[in-house]
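Summary of structural features
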Amino acid sequence: IDALYAARTSGDSQEFASYFAPDARFVIVGNPAMSPGSGMRMGREGIARHIDMLHEINDYLGYSIDNVVIDGDHVVVRWTAEVRFLDSGRTGSFEVLDHLRIKDGMIVEMTHF
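Summarised in this report is the structure supplied together with it. Quick caveat, the model's predicted, so the values are computed rather than measured. (Residues numbered from 1 in each chain as written. Predicted model: local features only at pLDDT ≥ 70, side-chain atom pairs only at ≥ 80, totals over all residues. Heavy atoms only, no water.)

1. Here we look at the overall build of the protein
Let me state the cut-off plainly: The secondary structure listing takes helices from DSSP runs of H or I that are at least 4 residues long and strands from runs of E that are at least 2 residues long, numbered from the N terminus. Accessible area is worked out with a 1.4 Å probe on protein chains only. A residue is then buried under 20% of its type maximum, exposed over 50%, and partly exposed in between. Between two residues, a contact is recorded if the distance between any of their heavy atoms is within 4.5 Å. Computed with a 1.4 Å probe, the accessible areas rest on the Shrake-Rupley method; for each residue, only the protein chains presented here act as cover.
From N to C terminus, the protein includes 3 helices and 6 strands. Each principal axis of the C-alpha atoms in the protein carries an extent, and together these give about 40 × 30 × 25 Å. Looking at the 113 residues of the protein, the share that counts as buried comes to 38%. Counting contacts in the protein only where the partners sit at least 6 residues apart, residues at least 24 apart contribute 43% of the total. Surface summary for the protein: the accessible area is close to 6300 Å², and the carbon and sulfur share equals 52%.

Encoded structure:
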């Protein structure tokens, strides 16, 4: 979990995607008209491209993992990210909840709220 989120926030898209199964789904819940990062990405390549895009428009200033709950093949991670939006320079702190489903040691599905 620590390495996954370190890769996510540092922009190491290839490392981040390496934790996913080849046909995994990564969903960011939201309205694409209001949040350009929302939507579904499929497969490692699509997930890596999406992380690259997020880092082109945002600067991740820091993060903390607040809670991790594991129940069988389900993992829930509550975390907080400090982000600077590069288009406006504004910063914000965001509380995030991710639901991961694991199979054979790989993430097969991640839903980001």
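Picking up where we left off.
2. Regarding the packing of helix α1 (residues 2-10) against helix α3 (residues 43-57)
Rules: A fitted line through C-alpha atoms serves as each axis, taken over the contacting stretch for helices, and the angle formed by two N-to-C directions is quoted from 0 to 180°. To sort the angles, those under 35 degrees are grouped as roughly parallel, those over 145 as roughly antiparallel, those from 65 to 115 as roughly perpendicular, and the leftovers as oblique. By the convention adopted, Pro, Cys, Tyr, Trp, Phe, Met, Ile, Leu, Val and Ala count as nonpolar, Lys, Arg, Asp and Glu as charged, and the other residues, Gly among them, as polar.
Taken N-terminus to C-terminus, the directions of α1 and α3 make an angle of 50°; their axes are 9 Å apart at the nearest point. By the criterion of interaxial angle, the relationship of α1 to α3 is oblique. Between α1, through Arg8, Thr9 and Ser10, and α3, the contact on the second element is made entirely by Ile51, Leu54 and His55. A breakdown of the residues in the contact of α1 with α3 according to their chemical character gives 2 nonpolar, 3 polar and 1 charged.

3. Here's the deal with α1
Among all positions of α1, only Leu4, Tyr5, Ala7, Arg8 and Thr9 are buried. Positive phi shows up at Gly11, right after α1, with a value of about 90°.

4. Remarks on the nonpolar core
Short version of the rule: Only buried residues count toward a nonpolar core. Its members are Ala, Val, Leu, Ile, Met, Phe, Trp, Tyr and Cys residues joined through side-chain atoms within 4.5 Å.
The biggest cluster of nonpolar side chains holds 25 residues, and the ones touching the most others in it are Leu4, Phe16, Phe20, Phe26, Leu100 and Met110. Elements with a contribution of two residues or more to this core: α1, α2 (13-18), β1 (20-28), α3, β4 (74-85), β5 (91-103) and β6 (106-112). If sequence neighbours within four positions are ignored, Leu4 has contacts with Phe16, Tyr19, Phe20, Leu100, Ile107 and Met110.

5. Some thoughts on the pattern of salt bridges
Going by this rule: Whenever Lys or Arg places a side-chain nitrogen within 4 Å of a carboxyl oxygen from Asp or Glu, that contact is recorded as a salt bridge.
With the rule as written, the count across this model stands at 5 salt bridges. One salt bridge connects Arg78 with Asp66, and the closest N-O pair in it is separated by 3.8 Å. With Arg78 in strand β4 and Asp66 in strand β3 (residues 58-71), the pair connects residues that are 12 residues apart, well separated along the chain. Residue classification places Arg78 among the partly exposed positions, given a relative accessible area of 35%.

6. Some thoughts on the pairing of β5
Applicable threshold: By the convention used here, strands pair only if DSSP detects at least 2 bridges between them.
Of the pairings in the sheet, the one linking β4 to β5 comprises 11 bridges and is antiparallel in character. Paired with Trp79 across the two strands is Val96, which belongs to β5. Hairpin connection, β4 to β5: the antiparallel pair is bridged by 5 residues, and Gly89 has positive phi, about 80°. Hairpin geometry of β5 and β6 is characterised by an intervening segment of 2 residues between the two adjacent antiparallel strands and by a positive phi of about 55° at Asp104.

Geometric values such as these leave the question of function open.
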